[in-house]
Amino acid sequence: MKICVLVKEVPDAAVEKRINPSTGRLDRSGEKNLNPFDTHAIEAAMQLKEGGALGVDEVVAVTMGPESAVRALHKAVSLGADRSLHLTDDALAGSDVAATGYALAKALEKEQPDLVLLGQQSDDGECYTIGAVVADHLRMPSLTQVIKMDVEDGGLRLERQAEYGYDTVQVDLPAVISVGDAINEPRYPSLKAIMGAKKKPLDTVGAGDVEIDPAKVGGENSAAQWVAAKPPPAKAAGEIIEDEDTGETVEKIIAWLDERKLV
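Throughout what follows, the structure given in this document is the object of discussion. Computed from a prediction, not measured in an experiment: that's the story for all the values here. (Residues numbered from 1 in each chain as written. Predicted model: local features only at pLDDT ≥ 70, side-chain atom pairs only at ≥ 80, totals over all residues. Heavy atoms only, no water.)

What about helix α3 (residues 97-111)?
Reasoning step 1: Under the 1.5 Å per step criterion, the end-to-end length of α3 is 21 Å for 15 residues, consistent within 8% with the ideal 21 Å.
Reasoning step 2: Of the residues making up α3, those classed as buried are Ala 99, Thr 100, Gly 101, Tyr 102, Ala 103, Leu 104, Ala 105, Lys 106, Ala 107, Leu 108 and Glu 111.
Reasoning step 3: Residues of α3 that are buried in the fold lie against β1 (2-6), β6 (58-64), β7 (83-87), β8 (115-119) and α4 (130-138).
Reasoning step 4: Between the side-chain oxygen at the start of α3 and the backbone nitrogen of Ala 98 there is a gap of 3.3 Å, and the oxygen is on Asp 96.
Reasoning step 5: Phi turns positive one or two residues past the end of α3, at Gln 112, with a value near 55 degrees. (Helix = DSSP H or I, 4+ residues; strand = E, 2+ residues; numbered from the N terminus. Expected span 1.5 Å × (residues − 1). Buried < 20%, exposed > 50% of the residue type's maximum accessible area, 1.4 Å probe, protein only. Contact = heavy atoms within 4.5 Å. Polar contact = N/O pair within 3.5 Å; in protein donor to acceptor, adjacent residues only side chain to side chain.)

Written out as structure tokens, the structure is:
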């Protein structure tokens, strides 16, 4: 049995998010890292493999991105993935969610996985929908916001968060499952795993290698087109009340709240 885990290289959380005015895309020139939500998907895959009930033979990390995205794959294999697949091609640059999902699905068709896992969202786009797009192209059932996963009757018994509480769903494989960050606590890679990550098998493929239709990918061929962007308005400085007289300070705070009809 094979599990493929979709991962993504994203700007580091400490880096200020900026739009490149010449392309209308996120500026990715700063420090980058593996999408933190995807570490939960890798951990879920490793727990299924180590549990033994499904008979998982290998866990494969899969990403689509520029040359630098290979570092996210190295992090993924240091967390336990057996090998990785890097889909990279200039023709894919600027693809929207629909085009990205299509391209990733074509790459996954090459792998023929029994289960596809991914984090519930990316730390940059936060669209939550890539799993559903991939599942639609692969014609597999899809489930999102999964926070518990148990093997049962050759499939998976899943618990997912919902607005009204929780759903419990039995899913037959193959399937595409987006996991929430409450599902587990990702392990830390050992020094040995970090040092050995670059030695694990890495396959690099282009759009033509996985039979991607170039008319369906890239910025110009995406259904969603960037129109314009502008920074949010600057916030006014807050008012600081010095606590020299507690009674007077309380009165000032109450007056401030009352003026804004907050009390």
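Having put the structure on the table, let's press on.
Quick notes on the pairing of β8
Residues in a regular strand point their side chains to alternate faces of the sheet.
Reasoning step 1: Counting buried residues along β8, 5 of its 5 residues qualify, which places the element largely inside the surrounding structure.
Reasoning step 2: The alternating pattern of β8 places Leu 115, Leu 117 and Gly 119 on one face and Val 116 and Leu 118 on the opposite face, and all of these are buried.
Reasoning step 3: Of the pairings in the sheet, the one linking β8 to strand β12 (residues 175-179) comprises 5 bridges and is parallel in character. Counted as the bridge partner of Gly 119 is Val 179 from β12. (Pairing = 2+ DSSP bridges.)

Side note on unusual backbone geometry
Reasoning step 1: Residues Leu 173 and Pro 174 are joined by a peptide bond in cis, for which omega reads 5 degrees.
Reasoning step 2: By the secondary structure assignment, Pro 174 is in the loop between β11 (165-171) and β12.
Reasoning step 3: Despite not being glycine, Gln 145 shows a phi value in the positive range, around 55 degrees.
Reasoning step 4: Summarising the element assignment, Gln 145 is placed in strand β9 (residues 142-152).
Reasoning step 5: Positive phi, normally seen in glycine, also occurs at Glu 211, with a value near 60 degrees.
Reasoning step 6: Residue position: Glu 211 is located in the loop between β13 (202-205) and α6 (246-259).

A word on the sheet that holds β7
Reasoning step 1: Spatially, the 9 strands line up as an open sheet ordered β11-β10-β9-β12-β8-β1-β6-β7-β13, and their pairing is mixed. Each of the sheet's edge strands pairs with one partner strand only, and the pair in question is β11 and β13. Ignoring strand direction, the axes of neighbouring strands in this sheet form an average angle of 30 degrees.
Reasoning step 2: Helix α1 (residues 36-51) rests against β1, β6, β8, β9, β10 (155-162) and β12 of the sheet, and its axis sits at about 145 degrees to β8.
Reasoning step 3: Packed on one face of the sheet, helix α2 (residues 70-78) meets β6, β7 and β13 and runs near 160 degrees to β7. (Axes fitted to C-alpha atoms, helices over the stretch in contact; angles between N-to-C directions.)

Regarding the layout of surface pockets
Reasoning step 1: By volume, the second largest pocket is sized at about 250 Å³.
Reasoning step 2: What lines the second largest pocket is a set of 16 residues, and nearest its centre among them are Pro 36, Thr 39, Lys 75, Pro 186 and Tyr 188.
Reasoning step 3: Elements supplying a minimum of two residues to the lining of the second largest pocket: β2 (9-11), β5 (32-34) and α1. (1 Å grid on protein atoms, 1.4 Å probe; cavity = no way out; pocket = protein on both sides within 12 Å on 5 of 7 lines; lining within 4 Å. Points joined across faces, edges and corners; volume = space filled by probe spheres on them.)

A few points about the nonpolar core
Reasoning step 1: One finds Ile 3, Val 5, Leu 117, Met 149 and Ile 177 to be the most contacted residues of the largest nonpolar core, which totals 34 residues.
Reasoning step 2: Elements represented by at least two residues in this core include exactly β1, α1, β6, α2, β8, β9, β10 and β12.
Reasoning step 3: Top element by residues in this core is α1. It accounts for 6 residues.
Reasoning step 4: Not counting chain neighbours up to four residues away, the residues in contact with Leu 117 comprise Ile 3, Cys 4, Val 5, Leu 6, Ala 41, Ala 44, Ala 45, Met 149 and Ile 177.
Reasoning step 5: Of all hydrophobic cores here, the second largest spans 28 residues; its members include Cys 4, Leu 6, Ala 107 and Val 217. (Core = buried A, V, L, I, M, F, W, Y, C linked by side-chain atoms within 4.5 Å.)

Quick look at the side chain of Asp 96
Reasoning step 1: With respect to the helices and strands, Asp 96 occurs in the loop between β7 and α3.
Reasoning step 2: Residue Asp 96 is classed as buried on the basis of its relative accessible area, which comes to 13%.
Reasoning step 3: A distance of 3.3 Å separates a polar atom in the side chain of Asp 96 from the backbone nitrogen of Ala 98.
Reasoning step 4: Apart from the residues within four sequence positions on either side, Asp 96 is in contact with Ser 222, Ala 223 and Ala 224.

Focus on the pattern of salt bridges
Reasoning step 1: According to the stated counting rule, one finds 14 salt bridges in the structure shown.
Reasoning step 2: Between Glu 43 and Arg 187 there is a salt bridge, with the nearest N and O atoms lying 2.7 Å from each other. One end of the pair, Glu 43, is in helix α1; the other, Arg 187, is in the loop between β12 and α5 (191-196), with 144 residues separating them in the sequence.
Reasoning step 3: Residues Arg 83 and Asp 203 are paired through a salt bridge, measuring 3.7 Å at the closest nitrogen-oxygen approach. A residue pair is termed long-range when its members are at least 10 positions apart, and Arg 83 in strand β7 and Asp 203 in strand β13 qualify at 120 residues.
Reasoning step 4: Through salt bridges with shared partners, one network takes in Lys 2, Glu 58, Arg 83, Glu 111 and Asp 203. (Salt bridge = Lys/Arg side-chain N within 4 Å of Asp/Glu carboxyl O.)

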